Amino acid sequence: MLAGPAAFIKRARYNRKLLGGGWRQAGVIAAPGILALTEMTQRLDVDHDNARYLAQQLAEVPDVDVDMDDVHINMVWFALPEQVDVPRLMDALEAAGIRANGAYGGKMRLVTHWQIDREAIDRTVSVIRSVVAG
């Protein structure tokens, strides 16, 4: 999905055509964007509250560094202790049914959304806590 002023959209459409992009099934791609704009915006406060809850729970894990002042949206960035075996953490998260990307630049990011509730957050933090503890 692309959003912006009319001139920006016009230029984007031009560039898309230059690259051979005459999408016949653009609606399949547009549908999630429309849903996000019409329905999911009504529940952003829940996602943001859950992100703050996630950040608070992570901050209680020994040696996990969370900047609570940087939690403004549904994303939480945190630093793991250097001794954490990141591949082991990723395997443990995957085994618990938690989808996440590994640390990048020394930080890891988790995102809350409509499919993430407090129970999922508690399960995620429990896995992280167990791997950090060794």
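In the block above lies the structure referred to throughout.
Everything numeric here is computed off the predicted structure, so don't read it as measured data.

A.B. asks: Tell me about the environment of A95, residues and numbers included.
C.D. replies: Structurally, A95 can be placed in helix α4 (residues 86-95). Here A95 falls in the exposed class, since its relative accessible area comes to 72%. As for A95 and V127, which are separated by 32 residues in sequence, their C-alpha atoms are 9.7 Å apart.

A.B. asks: Before we move on, can you summarise the pairing of strand β2 (residues 75-79) with the specific residues and values?
C.D. replies: Note that strand β1 (residues 65-66) and β2 share two bridges and pair antiparallel. Counted as the bridge partner of V66 is F78 from β2. Bridge count between β2 and strand β3 (residues 107-111): five bridges; the pairing is antiparallel. Within β3, the position partnered with M75 by the bridge is V111.

A.B. asks: Go over the environment of V84 with me, naming the residues and quoting the values.
C.D. replies: Relative to the assigned elements, V84 resides in the loop between β2 and α4. Between the C-alpha atoms of V84 and V132, which are 48 residues apart in sequence, the distance is 5.9 Å. The residues touching V84, leaving out its near neighbours within four places in the chain, are V131 and V132.

A.B. asks: Describe the pattern of salt bridges, and please don't skip the residues or the numbers.
C.D. replies: Tallied over the full model, the rule gives two salt bridges. A salt bridge links D47 to R43, with the shortest nitrogen-to-oxygen separation between them at 2.4 Å. Put simply, D49 and R52 hold a salt bridge, and the shortest N to O gap is 2.4 Å. Remark: R52 and D49 occur in helix α3 (residues 44-59); sequence separation between them is three residues, near one turn of the helix. A relative accessible area of 34% places D49 in the partly exposed class. On the basis of relative accessible area, R52 is assigned to the partly exposed category, the value being 34%.

How each quantity is defined
Residues numbered from 1 in each chain as written. Predicted model: local features only at pLDDT ≥ 70, side-chain atom pairs only at ≥ 80, totals over all residues. Heavy atoms only, no water. Helix = DSSP H or I, 4+ residues; strand = E, 2+ residues; numbered from the N terminus. Buried < 20%, exposed > 50% of the residue type's maximum accessible area, 1.4 Å probe, protein only. Pairing = 2+ DSSP bridges. Contact = heavy atoms within 4.5 Å. Salt bridge = Lys/Arg side-chain N within 4 Å of Asp/Glu carboxyl O.

These values are about where atoms sit, not about what they do.
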